[in-house]
Amino acid sequence: MLEDPLFSVAVLEYQIATGRVRNSCMEPARLGTAMVAVALEVEGGPDAEREVEGEGFCNLLHGHRGSHYTMVRELGEGHAVWMQWRRNLARLLVMRDCEEKSANGGDICYLFLGHREPHSWDWAR
């Protein structure tokens with residue numbers, strides 16, 4: 001975990017604002033300038049985000065096993081750039097959005113297609 005207290009506060013504030021603070025992994029991530037540049041080079045649809053945050057946090061359920069994942073950039077058309085990391089190794093992946101919706105149809109899963117954890121509406125409250 002990173003030791004920068006200002007970064008940790010920013011992550012926590014974001015999670016509180018988005019309602020993910022209770023159950024999200026919270027492992028912080030920083031993208032180096034090279035990873036930010038690569039993420040911006042990936043082509044997206046007309047609704048693709050034009051900026052990339054240089055920091056984030058793992059979007060998976062607290063206590064998950066294996067690699068951490070954070071969404072880096074929405075590409076539109078059901079795809080996003082994600083960063084996968086474990087310890088000191090990281091890579092960028094383009095993955096489809098999870099297509100599942102809750103039983104009532106009111107919630108969508110904000111994770112990637114094929115994730116192992118429960119869908120985000122089951123725990124991101």
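As the structure is a computational prediction, the values presented were derived from the model and not from experiment.

Tallied over the full model, the rule gives one salt bridge. Glu99 serves as the salt-bridge partner of Arg96, at 3.1 Å between the closest nitrogen and oxygen. Taking the relative accessible area as the measure of exposure, Arg96 reaches 35% and is therefore partly exposed. Judged by relative accessible area, Glu99 falls into the exposed class, the value being 52%.

Burial runs high along strand E4 (residues 79–86): six of the eight residues are buried. Connecting the antiparallel pair strand E3 (residues 68–76) and E4 is a turn made up of two residues, with Glu77 showing a positive phi of about 55 degrees.

Leaving glycine aside, a negative phi is the common case for residues, and trans is the common case for peptide bonds. A positive phi angle is found at Met26, which is not glycine, with a value near 75 degrees. Summarising the element assignment, Met26 is placed in the loop between helix H1 (5–18) and strand E1 (28–30). Judged by relative accessible area, Met26 falls into the partly exposed class, the value being 27%. You will see that Arg87, though not glycine, has its phi angle at about 55 degrees, which is positive. One can find Arg87 in the loop between E4 and strand E5 (89–96). In this structure Arg87 comes out as exposed when scored by relative accessible area, which is 72%.

This part takes up the packing of aromatic side chains. All told, the structure shown has two aromatic pairs when counted by the stated rule. Ring geometry for Tyr69 against Phe112: centres 4.6 Å apart, planes inclined by 45 degrees, an arrangement best described as tilted. In this pair, Tyr69 is assigned in strand E3 and Phe112 in the segment after E5, connecting sequence segments 43 residues apart. Arranged with centres 5.0 Å apart and planes meeting at 75 degrees, the rings of Trp82 and Phe112 form a pair that is edge-to-face. You can see Trp82 sitting in strand E4 and its partner Phe112 sitting in the segment after E5, a full 30 residues away along the chain. Judged by its relative accessible area of 0%, Trp82 falls in the buried class. Residue classification places Phe112 among the buried residues on the basis of a relative accessible area of 6%. One aromatic cluster is present, built from ring pairs that chain together Tyr69, Trp82 and Phe112.

What follows is about the nonpolar core. In globular proteins that are soluble, nonpolar side chains generally tend to be buried together. Formed by 25 residues in total, the largest nonpolar core has its most connected members in Leu31, Tyr69, Val72, Trp82 and Met83. Those elements that provide at least two residues to this core are helix H2 (33–41), E3, E4 and E5. With five residues, E4 is the largest single contributor of residues to this core. Discounting chain neighbours no more than four positions away, the residues touching Val72 are Leu31, Ala39, Glu49, Val52, Val81, Trp82, Met83 and Leu92.

Now for the sheet that holds E5. Hydrogen bonds between backbone groups are what pair the strands of a sheet, and the pairing can be parallel or antiparallel. With respect to topology, three strands assemble into an open sheet ordered E3-E4-E5, the strand pairing being antiparallel. Pairing within the sheet leaves two strands with one partner each, and these edge strands are E3 and E5. Along the sheet, successive strands turn relative to each other by an average axial angle of 20 degrees, direction set aside. Two strands pair when backbone bridges link them, and E3 and E4 are joined in this way by seven bridges, in the antiparallel orientation. Considered in E4, the bridge of Glu74 is made with Ala80.

Parameters at a glance
Residues numbered from 1 in each chain as written. Predicted model: local features only at pLDDT ≥ 70, side-chain atom pairs only at ≥ 80, totals over all residues. Heavy atoms only, no water. Salt bridge = Lys/Arg side-chain N within 4 Å of Asp/Glu carboxyl O. Buried < 20%, exposed > 50% of the residue type's maximum accessible area, 1.4 Å probe, protein only. Helix = DSSP H or I, 4+ residues; strand = E, 2+ residues; numbered from the N terminus. Pairing = 2+ DSSP bridges. Phe/Tyr/Trp six-rings, centres within 6.5 Å; stacked < 30°, edge-to-face > 60°. Core = buried A, V, L, I, M, F, W, Y, C linked by side-chain atoms within 4.5 Å. Contact = heavy atoms within 4.5 Å. Axes fitted to C-alpha atoms, helices over the stretch in contact; angles between N-to-C directions.

Read these as spatial facts, not as claims about activity.
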